[in-house]
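Each chain, written out:
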Amino acid sequence: MTAGTSGRWHWIGSWLLGLVCWLPLAAPAAEAVPAEPIRFGILPIGSAAESREQWRPLLADLEKRLGHPITTVSVSSYAGLSGAIGEQRVDIAFLSGRLAIEAVLRQQMSVFAQFERSDGAKGNVALLVVRADGPIHDLSGLLAHPGRWRYARGEPLSVTGYVAPEAEVFAPRGLNSDTFFARVRVGNHQNNALAVVNGEVDVCSGNNPDLDLFRRNFPDQAAQLKVIWRSSLIPSGVLVVRAGMEPKLRKQLTDFMLGYGKGGGTAGERERDNLARIPDLAGFVPANSLVLRPFSDMEYTLQRQQAQHGRWVSDAARDARLRQIEADHKQVLQQLQAH
């Protein structure tokens, strides 16, 4: 071997040794990929900030269990949350009624759990609330004076804030709250209750969990309120999860939520305390999309009543609308069954 050849092999050997030494150092850097965040959508109860704080301890435990950072998508309106889900910015969410049906049928989400109330009830009730010392003493007194009162209600996507009072109080009497009242304002349940206390409106819609929360936050003001109407039982809200979530992660998330607060000892007690921060929540039970049928039925009833009492150019036009409502309802039920 010549001196030149020997030098060349010495250089190649040194280069290979350097490469071997470098590879183990480079490999860990390639593996250090941070876990993808899980985005949790929170249906606003009270303010968005208040809702985030209520869920914070539970979500902190979820973050530790899964090893994924949890980010919250907490918005001030139902429409805002629906938009975030539609834009694929939410992986798991607490929803109810129209929001949940929309998420399942059109936004690639599926139901995996339903809320379990701390009092054992299977759902909530919608309310109409007035000042205890005000001029409205009962529901008949409210309905006896069209065009006189001021009303604060929820968004159209809110079951207890809008759909239930319309379906059970106004529409069966051929009324529409938007035209029955002298003035209508739209807000969340907490602000609407405060508006009644402050004399800014005469009556507001709400529900029993939000009224209980209002009593805790504003006991003096809550003592000035009076409930004049309660709806039939409305099923509790649900948890939905994004259909495209990786199966192993989805199972871990589902197992965590369904088991949360059900253990013994100090750990179980701490988890139950965390659940109690969320109004009237005791835990979660397994569910599927069929639990949403009562919401669809309520919407169907409301649409039929509004069509039957509406003004039409002809009976044929009204009947066509009723047939369309019937067909749409059947399609929704079939889709829920399929999911």
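Brief notes about the packing of helix 2 (residues 48-66) against helix 12 (residues 265-276)
Where helix 2 contacts helix 12, the axes come no closer than 7 Å and their chain directions differ by 145°. Contacts between helix 2 and helix 12 involve Gln54, Pro57, Leu58 and Asp61 from the former and Arg270, Glu271, Asn274 and Leu275 from the latter. A class-by-class count of the residues in the contact of helix 2 with helix 12 yields three nonpolar, two polar and three charged.

Describing the packing of helix 6 (residues 159-170) against helix 13 (residues 293-309)
Look at helix 6 against helix 13: their axes get within 8 Å of each other, and the N-to-C directions meet at 50°. The angle between the axes of helix 6 and helix 13 places the two elements in the oblique class. In the crossing of helix 6 with helix 13, the sense of the turn from one axis to the other is left-handed. Residues Val159, Tyr162, Val163, Ala164, Glu166, Ala167 and Glu168 of helix 6 touch helix 13, and the partners they reach there are Phe295, Met298, Glu299, Leu302, Gln305 and Gln306.

Concerning the environment of Gln108
The residue Gln108 is located in the loop between helix 4 (97-106) and strand 4 (109-117) in this model. Taking the relative accessible area as the measure of exposure, Gln108 reaches 51% and is therefore exposed. As for Gln108 and Val241, which are separated by 133 residues in sequence, their C-alpha atoms are 8.6 Å apart.

Focus on the pattern of salt bridges
Applying the stated criterion to the full structure yields 18 salt bridges. With a closest N to O distance of 2.7 Å, Arg242 and Asp91 form a salt bridge. Highlighted residues: Arg242 in strand 12 (residues 238-242) and Asp91 in the loop between helix 3 (78-86) and strand 3 (92-95), separated in sequence by 151 residues. Arg272 is the salt-bridge partner of Glu269, the closest N and O atoms lying 3.4 Å from each other. Pair noted here: Glu269 and Arg272 are both in helix 12, with a separation of three residues, about one helical turn. A relative accessible area of 41% places Glu269 in the partly exposed class. For Arg272, a relative accessible area of 31% gives the class partly exposed. A single network of salt bridges, built from pairs that share partners, joins Arg39, Asp91 and Arg242.

Some details on the sheet that holds strand 4
Strand pairs in the sheet, formed through backbone hydrogen bonds, run parallel or antiparallel to each other. Within the open sheet, the six strands sit side by side as 2-1-3-12-4-13. Their pairing is mixed. Each end of this open sheet is capped by a strand with a single partner; those strands are strand 2 (70-74) and strand 13 (281-286). Adjacent strand axes in the sheet meet at a mean angle of 25°, parallel and antiparallel pairs treated alike. Bridge analysis of strand 1 (residues 38-42) against strand 2 gives five bridges, and the strand direction is parallel. Within the sheet, the bridge partner assigned to Gly41 lies in strand 2 and is Val73. Lying on the sheet, helix 2 is in contact with strand 1, strand 2, strand 3, strand 4 and strand 13; it crosses strand 2 at an angle near 160°.

Calculation notes
- Residues numbered from 1 in each chain as written.
- Predicted model: local features only at pLDDT ≥ 70, side-chain atom pairs only at ≥ 80, totals over all residues.
- Heavy atoms only, no water.
- Axes fitted to C-alpha atoms, helices over the stretch in contact; angles between N-to-C directions.
- Helix = DSSP H or I, 4+ residues; strand = E, 2+ residues; numbered from the N terminus.
- Contact = heavy atoms within 4.5 Å.
- Nonpolar A, V, L, I, M, F, W, Y, C, P; charged D, E, K, R; others polar.
- Parallel < 35°, antiparallel > 145°, perpendicular 65-115°, else oblique.
- Left-handed = near helix turned anticlockwise from the far one by under 90°.
- Buried < 20%, exposed > 50% of the residue type's maximum accessible area, 1.4 Å probe, protein only.
- Salt bridge = Lys/Arg side-chain N within 4 Å of Asp/Glu carboxyl O.
- Pairing = 2+ DSSP bridges.

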